[in-house]
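An overview of the molecular structure
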Amino acid sequence: MKIGQYIGETNPGRKRRRNEDSCVTDPPVFAVADGMGGAQAGELASSLAAAALTERGDGDLGGEERVAELIQEANRRVHQRAVDDEAASGMGTTMTVALFHPDGSISIGHVGDSRAYLYRDGRLEQLTEDHSLVAELVRRGELSPEEAEVHPQRSVITRALGTDPDVDVDTFTVQALDGDLFLLCSDGLTTMVDVDTITDVVDRNRADLRAAARALIREANNRGGDDNITAVLFEVIEGDSEGETMETVALHPDEEDTLHPLPQTGLVEGDTSIVSVDAIQSALAAHEREAAEPRASLWRHLVAAIVVAVLLAVIVFLVVRGLAR
Ligand code: MG
(Lines give C-alpha, C1' and ligand atoms only; values in the text may rest on other atoms or scores of the structure.)
Protein backbone atom coordinates (compact mmCIF):
# COMPACT_ATOMS: atom_id res chain seq x y z
CA MET A 1 0.00 0.00 0.00
CA LYS A 2 1.03 3.61 -0.46
CA ILE A 3 -0.13 7.15 0.16
CA GLY A 4 -1.99 8.66 -2.81
CA GLN A 5 -3.14 12.27 -2.71
CA TYR A 6 -2.74 14.27 0.47
CA ILE A 7 -3.43 17.83 1.52
CA GLY A 8 -3.38 20.05 4.58
CA GLU A 9 -5.37 23.28 4.73
CA THR A 10 -5.72 25.65 7.65
CA ASN A 11 -7.76 28.82 7.97
CA PRO A 12 -8.28 31.33 10.82
CA GLY A 13 -12.06 31.25 10.47
CA ARG A 14 -14.17 34.40 10.67
CA LYS A 15 -13.90 35.40 14.31
CA ARG A 16 -10.34 34.78 15.42
CA ARG A 17 -7.56 37.27 14.99
CA ARG A 18 -4.93 34.53 14.83
CA ASN A 19 -4.62 31.02 13.59
CA GLU A 20 -3.48 28.85 16.50
CA ASP A 21 -3.87 25.62 14.52
CA SER A 22 -0.96 23.88 12.82
CA CYS A 23 -0.82 20.88 10.55
CA VAL A 24 1.79 18.44 9.28
CA THR A 25 1.70 16.68 5.90
CA ASP A 26 5.06 14.95 5.82
CA PRO A 27 4.48 11.35 4.69
CA PRO A 28 4.34 8.96 6.32
CA VAL A 29 3.36 11.37 9.12
CA PHE A 30 0.21 13.52 9.13
CA ALA A 31 -0.99 15.62 12.03
CA VAL A 32 -3.20 18.41 13.31
CA ALA A 33 -2.48 20.54 16.41
CA ASP A 34 -4.81 23.14 17.93
CA GLY A 35 -2.95 25.46 20.29
CA MET A 36 -4.18 27.50 23.22
CA GLY A 37 -2.69 30.07 25.54
CA GLY A 38 -2.48 33.81 26.09
CA ALA A 39 -0.92 36.31 23.68
CA GLN A 40 0.69 34.34 20.85
CA ALA A 41 1.34 31.25 22.98
CA GLY A 42 -1.33 29.17 21.24
CA GLU A 43 0.35 29.57 17.89
CA LEU A 44 3.71 28.85 19.47
CA ALA A 45 2.48 25.67 21.16
CA SER A 46 0.93 24.15 18.05
CA SER A 47 3.84 25.13 15.80
CA LEU A 48 6.42 23.74 18.25
CA ALA A 49 4.47 20.48 18.35
CA ALA A 50 4.25 20.37 14.55
CA ALA A 51 7.98 21.11 14.22
CA ALA A 52 8.78 18.21 16.54
CA LEU A 53 7.14 15.93 13.96
CA THR A 54 8.75 17.38 10.85
CA GLU A 55 12.17 17.41 12.53
CA ARG A 56 11.87 13.78 13.64
CA GLY A 57 14.81 11.49 13.05
CA ASP A 58 14.78 8.13 11.29
CA GLY A 59 12.71 5.30 12.57
CA ASP A 60 9.38 5.69 10.75
CA LEU A 61 8.71 1.98 10.79
CA GLY A 62 5.18 2.69 11.80
CA GLY A 63 3.42 1.43 14.86
CA GLU A 64 1.68 2.86 17.87
CA GLU A 65 4.86 3.03 19.93
CA ARG A 66 6.47 5.29 17.37
CA VAL A 67 3.41 7.54 17.28
CA ALA A 68 3.38 7.80 21.08
CA GLU A 69 7.12 8.56 21.00
CA LEU A 70 6.60 11.39 18.48
CA ILE A 71 3.81 12.92 20.55
CA GLN A 72 5.87 12.62 23.75
CA GLU A 73 8.73 14.46 22.05
CA ALA A 74 6.33 17.18 20.89
CA ASN A 75 5.02 17.42 24.46
CA ARG A 76 8.55 17.76 25.88
CA ARG A 77 9.32 20.63 23.51
CA VAL A 78 6.12 22.55 24.24
CA HIS A 79 6.42 21.96 27.99
CA GLN A 80 10.09 22.99 28.11
CA ARG A 81 9.30 26.23 26.29
CA ALA A 82 6.35 26.93 28.58
CA VAL A 83 8.67 26.50 31.58
CA ASP A 84 11.55 28.59 30.12
CA ASP A 85 9.53 31.43 28.63
CA GLU A 86 7.23 33.33 30.96
CA ALA A 87 5.18 34.75 28.08
CA ALA A 88 4.43 31.17 27.02
CA SER A 89 3.59 29.91 30.49
CA GLY A 90 0.47 27.76 30.58
CA MET A 91 0.30 27.24 26.83
CA GLY A 92 -0.79 23.92 25.42
CA THR A 93 -1.96 22.21 22.28
CA THR A 94 -3.98 19.26 21.11
CA MET A 95 -2.31 16.82 18.76
CA THR A 96 -3.67 14.08 16.53
CA VAL A 97 -1.09 12.12 14.53
CA ALA A 98 -1.49 9.43 11.86
CA LEU A 99 1.53 7.35 10.85
CA PHE A 100 1.31 5.24 7.68
CA HIS A 101 3.10 1.92 7.26
CA PRO A 102 3.54 0.31 3.79
CA ASP A 103 1.69 -2.80 5.02
CA GLY A 104 -1.39 -0.54 5.05
CA SER A 105 -1.64 -0.08 8.79
CA ILE A 106 -2.28 3.43 10.05
CA SER A 107 -1.26 4.06 13.64
CA ILE A 108 -3.07 6.95 15.26
CA GLY A 109 -2.20 8.74 18.47
CA HIS A 110 -3.97 11.69 19.99
CA VAL A 111 -4.32 14.08 22.91
CA GLY A 112 -7.20 16.56 23.12
CA ASP A 113 -10.20 17.12 20.87
CA SER A 114 -8.73 17.24 17.36
CA ARG A 115 -10.21 14.25 15.58
CA ALA A 116 -9.35 11.51 13.11
CA TYR A 117 -12.03 10.14 10.77
CA LEU A 118 -12.00 7.30 8.25
CA TYR A 119 -14.02 7.72 5.06
CA ARG A 120 -14.75 4.31 3.52
CA ASP A 121 -17.55 3.17 1.20
CA GLY A 122 -19.30 6.53 1.43
CA ARG A 123 -19.39 6.50 5.23
CA LEU A 124 -17.46 8.63 7.67
CA GLU A 125 -16.39 6.97 10.91
CA GLN A 126 -14.99 8.92 13.84
CA LEU A 127 -11.88 7.04 15.00
CA THR A 128 -10.79 9.12 17.99
CA GLU A 129 -12.62 9.84 21.23
CA ASP A 130 -12.30 13.47 22.32
CA HIS A 131 -10.45 14.20 25.54
CA SER A 132 -12.98 16.87 26.41
CA LEU A 133 -15.33 17.66 29.25
CA VAL A 134 -18.49 17.17 27.17
CA ALA A 135 -17.20 13.87 25.70
CA GLU A 136 -16.56 12.67 29.26
CA LEU A 137 -20.11 13.69 30.28
CA VAL A 138 -21.50 11.80 27.25
CA ARG A 139 -19.45 8.68 28.16
CA ARG A 140 -20.88 8.87 31.69
CA GLY A 141 -24.38 9.12 30.27
CA GLU A 142 -24.93 12.57 31.78
CA LEU A 143 -25.22 14.41 28.48
CA SER A 144 -26.63 13.30 25.13
CA PRO A 145 -24.41 13.69 22.06
CA GLU A 146 -26.89 16.33 20.83
CA GLU A 147 -26.61 18.30 24.10
CA ALA A 148 -22.80 18.03 23.91
CA GLU A 149 -22.80 19.69 20.48
CA VAL A 150 -24.29 22.91 21.82
CA HIS A 151 -22.88 22.81 25.37
CA PRO A 152 -21.27 26.14 26.37
CA GLN A 153 -18.22 24.28 27.70
CA ARG A 154 -17.73 22.12 24.61
CA SER A 155 -14.25 23.53 23.96
CA VAL A 156 -12.90 22.58 27.38
CA ILE A 157 -10.39 19.77 26.95
CA THR A 158 -9.14 17.41 29.62
CA ARG A 159 -5.73 16.59 28.15
CA ALA A 160 -3.20 18.69 26.25
CA LEU A 161 0.43 18.74 25.26
CA GLY A 162 2.64 21.17 27.15
CA THR A 163 1.03 21.33 30.57
CA ASP A 164 3.08 18.49 32.13
CA PRO A 165 6.47 16.85 31.48
CA ASP A 166 4.66 13.67 30.46
CA VAL A 167 1.38 13.23 28.66
CA ASP A 168 -1.05 10.35 28.44
CA VAL A 169 -1.40 9.45 24.72
CA ASP A 170 -4.21 7.29 23.31
CA THR A 171 -3.02 5.11 20.43
CA PHE A 172 -4.61 2.53 18.15
CA THR A 173 -4.09 1.07 14.68
CA VAL A 174 -6.45 0.85 11.71
CA GLN A 175 -5.87 -1.50 8.76
CA ALA A 176 -6.45 0.55 5.62
CA LEU A 177 -8.11 -0.79 2.47
CA ASP A 178 -7.47 0.43 -1.07
CA GLY A 179 -9.16 3.82 -1.47
CA ASP A 180 -9.53 4.63 2.22
CA LEU A 181 -9.46 8.31 3.03
CA PHE A 182 -8.34 9.69 6.38
CA LEU A 183 -9.37 13.10 7.72
CA LEU A 184 -7.60 14.78 10.63
CA CYS A 185 -9.22 18.02 11.77
CA SER A 186 -9.40 20.61 14.52
CA ASP A 187 -12.61 21.33 16.44
CA GLY A 188 -13.12 24.47 14.34
CA LEU A 189 -14.41 22.11 11.66
CA THR A 190 -16.36 19.62 13.77
CA THR A 191 -18.14 22.16 15.98
CA MET A 192 -19.39 24.09 12.95
CA VAL A 193 -20.14 21.32 10.43
CA ASP A 194 -22.15 18.21 11.24
CA VAL A 195 -20.89 14.78 10.25
CA ASP A 196 -23.49 14.30 7.47
CA THR A 197 -22.37 17.51 5.78
CA ILE A 198 -18.69 16.56 6.13
CA THR A 199 -19.53 13.20 4.53
CA ASP A 200 -21.39 14.90 1.66
CA VAL A 201 -18.57 17.36 1.03
CA VAL A 202 -15.94 14.61 0.99
CA ASP A 203 -18.18 12.49 -1.22
CA ARG A 204 -18.66 15.27 -3.78
CA ASN A 205 -14.92 16.07 -3.86
CA ARG A 206 -13.53 12.56 -3.47
CA ALA A 207 -11.42 12.79 -6.65
CA ASP A 208 -9.69 16.02 -5.61
CA LEU A 209 -8.60 16.22 -1.98
CA ARG A 210 -7.48 19.83 -2.24
CA ALA A 211 -10.98 20.78 -3.36
CA ALA A 212 -12.40 18.64 -0.54
CA ALA A 213 -10.29 20.36 2.14
CA ARG A 214 -11.21 23.80 0.84
CA ALA A 215 -14.88 22.94 0.62
CA LEU A 216 -14.81 21.75 4.26
CA ILE A 217 -13.25 25.04 5.37
CA ARG A 218 -15.82 26.97 3.33
CA GLU A 219 -18.66 25.06 5.01
CA ALA A 220 -17.27 25.89 8.47
CA ASN A 221 -16.93 29.57 7.53
CA ASN A 222 -20.41 29.66 6.00
CA ARG A 223 -21.76 28.48 9.36
CA GLY A 224 -19.98 31.23 11.27
CA GLY A 225 -16.32 30.20 11.34
CA ASP A 226 -16.19 30.65 15.14
CA ASP A 227 -12.77 29.02 15.49
CA ASN A 228 -9.64 28.26 13.46
CA ILE A 229 -10.31 25.46 10.98
CA THR A 230 -7.83 22.81 9.87
CA ALA A 231 -8.33 19.76 7.69
CA VAL A 232 -5.68 17.22 6.67
CA LEU A 233 -6.76 14.58 4.16
CA PHE A 234 -4.76 11.64 2.82
CA GLU A 235 -5.73 8.57 0.87
CA VAL A 236 -4.25 5.08 0.95
CA ILE A 237 -4.13 3.22 -2.33
CA GLU A 238 -2.92 -0.11 -3.63
CA GLY A 239 0.71 -0.08 -4.78
CA ASP A 240 4.32 -0.16 -3.80
CA SER A 241 5.83 3.06 -2.49
CA GLU A 242 9.44 1.76 -2.67
CA GLY A 243 11.64 3.93 -4.89
CA GLU A 244 8.68 5.64 -6.48
CA THR A 245 7.68 9.28 -6.41
CA MET A 246 4.28 9.44 -4.86
CA GLU A 247 1.50 11.32 -6.56
CA THR A 248 0.98 14.06 -4.08
CA VAL A 249 -0.51 17.44 -3.60
CA ALA A 250 1.71 19.82 -1.67
CA LEU A 251 0.80 21.85 1.34
CA HIS A 252 0.09 25.48 0.65
CA PRO A 253 -2.15 26.62 3.48
CA ASP A 254 -2.00 30.34 2.71
CA GLU A 255 -1.68 30.14 -1.02
CA GLU A 256 -4.93 31.75 -2.05
CA ASP A 257 -7.21 34.40 -0.71
CA THR A 258 -10.19 32.43 -1.91
CA LEU A 259 -10.08 30.69 1.45
CA HIS A 260 -11.35 33.92 2.99
CA PRO A 261 -14.53 34.45 1.01
CA LEU A 262 -16.34 36.11 3.89
CA PRO A 263 -15.38 39.14 5.96
CA GLN A 264 -14.14 38.43 9.45
CA THR A 265 -16.53 39.70 12.07
CA GLY A 266 -16.40 40.22 15.82
CA LEU A 267 -12.82 39.08 16.32
CA VAL A 268 -12.27 37.33 19.63
CA GLU A 269 -9.33 35.62 21.26
CA GLY A 270 -9.29 31.87 21.64
CA ASP A 271 -11.49 30.52 24.40
CA THR A 272 -10.27 26.95 24.48
CA SER A 273 -9.02 25.94 27.89
CA ILE A 274 -7.53 22.91 29.54
CA VAL A 275 -8.81 21.41 32.75
CA SER A 276 -7.40 18.59 34.83
CA VAL A 277 -9.35 15.42 35.40
CA ASP A 278 -9.89 16.61 39.01
CA ALA A 279 -11.50 19.74 37.68
CA ILE A 280 -13.94 17.52 35.79
CA GLN A 281 -15.24 16.28 39.12
CA SER A 282 -16.11 19.78 40.28
CA ALA A 283 -17.55 20.64 36.86
CA LEU A 284 -19.65 17.49 37.05
CA ALA A 285 -20.85 18.47 40.52
CA ALA A 286 -21.74 21.93 39.23
CA HIS A 287 -23.52 20.33 36.30
CA GLU A 288 -25.50 18.11 38.66
CA ARG A 289 -26.44 21.02 40.90
CA GLU A 290 -27.62 22.93 37.83
CA ALA A 291 -29.67 19.96 36.72
CA ALA A 292 -31.12 19.53 40.24
CA GLU A 293 -32.01 23.18 40.73
CA PRO A 294 -35.05 23.32 38.41
CA ARG A 295 -36.44 20.28 40.25
CA ALA A 296 -35.94 22.01 43.64
CA SER A 297 -37.67 25.16 42.50
CA LEU A 298 -40.48 23.07 41.03
CA TRP A 299 -41.05 21.60 44.49
CA ARG A 300 -41.06 25.03 46.07
CA HIS A 301 -43.68 26.18 43.58
CA LEU A 302 -45.77 23.08 44.19
CA VAL A 303 -45.71 23.51 47.98
CA ALA A 304 -46.58 27.21 47.64
CA ALA A 305 -49.49 26.33 45.32
CA ILE A 306 -50.85 23.78 47.82
CA VAL A 307 -50.61 26.28 50.71
CA VAL A 308 -52.44 28.92 48.65
CA ALA A 309 -55.10 26.39 47.61
CA VAL A 310 -55.67 25.32 51.24
CA LEU A 311 -55.91 28.94 52.41
CA LEU A 312 -58.36 29.74 49.60
CA ALA A 313 -60.48 26.71 50.55
CA VAL A 314 -60.55 27.81 54.20
CA ILE A 315 -61.56 31.37 53.22
CA VAL A 316 -64.27 30.12 50.84
CA PHE A 317 -65.52 27.73 53.56
CA LEU A 318 -65.65 30.54 56.13
CA VAL A 319 -67.38 32.96 53.72
CA VAL A 320 -69.92 30.36 52.66
CA ARG A 321 -70.65 29.44 56.31
CA GLY A 322 -70.91 33.16 57.20
CA LEU A 323 -73.39 33.76 54.35
CA ALA A 324 -75.41 30.71 55.34
CA ARG A 325 -76.00 32.11 58.85
MG1 MG B 1 -9.94 24.94 18.00
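Predicted model only: the values in this text are computed from it and were never measured.

**Comments concerning the overall build of the chain**
Looking only at helices and strands, one finds eight helices and 13 strands in the chain. Residues counted as buried form 47% of the 325 residues belonging to the chain. Long-range pairs, those at least 24 residues apart, make up 75% of the contacts in the chain between residues at least 6 apart in sequence. Accessible surface, the chain: about 16,000 Å² in total, of which carbon and sulfur atoms supply 52%.

**Comments concerning the sheet that holds strand β11 (residues 180–185)**
Pairing is antiparallel across the open sheet formed by five strands, whose spatial order is β1-β12-β11-β7-β8. Edge positions in the sheet fall to β1 (2–11) and β8 (123–126), since each has one partner strand and no second. Between one strand axis and the next, the sheet turns by 20° as a mean value, whatever way the strands run. In terms of strand pairing, strand β7 (residues 115–120) meets β8 through four bridges, oriented antiparallel. The partner of L118 across the bridge, within β8, is E125. Across the sheet, helix α6 (residues 195–204) is in contact with β7, β8 and β11; its angle to β7 comes to roughly 55°. Lying on the sheet, helix α7 (residues 209–222) is in contact with β1, β11 and β12 (229–237); it crosses β1 at an angle near 30°.

**Focus on the coordination of the magnesium ion**
Six octahedrally arranged donors around a metal ideally form angles of 90 or 180 degrees; four tetrahedrally arranged donors ideally form angles of 109.5 degrees. For the magnesium ion, the protein coordination sphere consists of D34 (OD), D187 (OD) and D227 (OD), at 2.1 to 2.3 Å. Ordering the donors of the magnesium ion by residue number gives the pattern D-x152-D-x39-D. Residue D34 is located in strand β3 (residues 29–36), and its partner D187 is located in helix α5 (residues 187–190); the two are separated by 153 residues in the primary sequence. As far as the burial class goes, D34 and D187 line up, both buried.

**So, the environment of I108**
Along the chain, I108 falls in strand β6 (residues 105–111). Classification of I108 by relative accessible area gives buried; the value is 0%. Taking the C-alpha atoms as reference points, I108 and A31, separated by 77 residues in sequence, lie 9.5 Å from one another. Among residues more than four places away in sequence, those in contact with I108 are V67, V97, A98, A116, L127, T128, D170, T171 and F172.

**Regarding helix α2 (residues 64–84)**
Given a rise of 1.5 Å per residue, 21 residues ought to cover 30 Å, and the 30 Å separating the end C-alpha atoms of α2 matches this to within 8%. Taken together, the buried positions of α2 are occupied by R66, V67, L70, I71, Q72, A74, N75, V78, H79 and A82. Contacts made by the buried residues of α2 are with β3, α1 (41–54), β4 (92–93), β5 (95–100), β6 and β10 (170–175).

**Some points on α1**
The end-to-end C-alpha distance of α1 is 20 Å, a good match for the 20 Å that 14 residues give at a rise of 1.5 Å each. Among the 14 residues in α1, 10 count as buried, and that is most of the element. Regarding α1, the residues found buried are A41, G42, A45, S46, L48, A49, A50, A51, A52 and L53. Against the buried residues of α1 lie β2 (21–26), β3, α2, β4 and β5.

**Quick look at the confidence of the model for the chain**
Of the residues in the chain, 83% have a pLDDT of 70 or more, and the chain-wide mean is 87. Note on residues 243–269: pLDDT is under 50 here. Beyond four places in sequence and across chains, it has 56 contacts.

**Topic: the packing of α6 against α7**
Two numbers describe how α6 lies on α7: the axes approach to 9 Å, and their chain directions differ by 150°. Compared by their axis directions, α6 and α7 come out roughly antiparallel. You can see that α6 and α7 cross each other, and the crossing is right-handed. Every residue of α7 that contacts α6 at T197, I198, V201, V202 and R204 is listed here: A212, A215, L216 and E219. Of the residues assigned to the contact of α6 with α7, the class counts are six nonpolar, one polar and two charged.

**Things to note about the pairing of β1**
Taken across its 10 residues, β1 has 10 buried, putting it largely inside the fold. Bridge analysis of β1 against β12 gives eight bridges, and the strand direction is antiparallel. Residue E9 lies in a different strand from β12, and its bridge partner there is A231.

**Some remarks on the packing of α1 against α2**
Relative to each other, α1 and α2 sit at 140°, their axes nearing to 8 Å. As judged from the angle between their axes, α1 and α2 are oblique. Pair α1 / α2 crosses with right-handed handedness. Touching L44, A45, L48, A49, A51, A52 and L53 of α1 are L70, E73, A74, R77, V78 and R81, all from α2. Classifying every residue of the contact of α1 with α2 gives 10 nonpolar, no polar and three charged.

**Thoughts on the nonpolar core**
Ranked by size, the top nonpolar core spans 26 residues in total, and within it V29, L53, I71, M91, M95, V97 and L161 carry the most contacts. Counting only elements with at least two residues in this core, the list comes to β3, α1, α2 and β5. Considering every element that reaches this core, the biggest residue donor is α1, with seven residues. Of all hydrophobic cores here, the second largest spans 23 residues; its members include C185, L189, I198 and L209.

Criteria and cut-off values
- Residues numbered from 1 in each chain as written.
- Predicted model: local features only at pLDDT ≥ 70, side-chain atom pairs only at ≥ 80, totals over all residues.
- Heavy atoms only, no water.
- Helix = DSSP H or I, 4+ residues; strand = E, 2+ residues; numbered from the N terminus.
- Buried < 20%, exposed > 50% of the residue type's maximum accessible area, 1.4 Å probe, protein only.
- Contact = heavy atoms within 4.5 Å.
- Areas by Shrake-Rupley, 256 points an atom, 1.4 Å probe, with all protein chains shown as cover.
- Pairing = 2+ DSSP bridges.
- Axes fitted to C-alpha atoms, helices over the stretch in contact; angles between N-to-C directions.
- Donors = N, O, S within 2.8 Å, 3.2 Å for Na, K, Ca; no water.
- Expected span 1.5 Å × (residues − 1).
- pLDDT = per-residue confidence, 0-100.
- Parallel < 35°, antiparallel > 145°, perpendicular 65-115°, else oblique.
- Left-handed = near helix turned anticlockwise from the far one by under 90°.
- Nonpolar A, V, L, I, M, F, W, Y, C, P; charged D, E, K, R; others polar.
- Core = buried A, V, L, I, M, F, W, Y, C linked by side-chain atoms within 4.5 Å.

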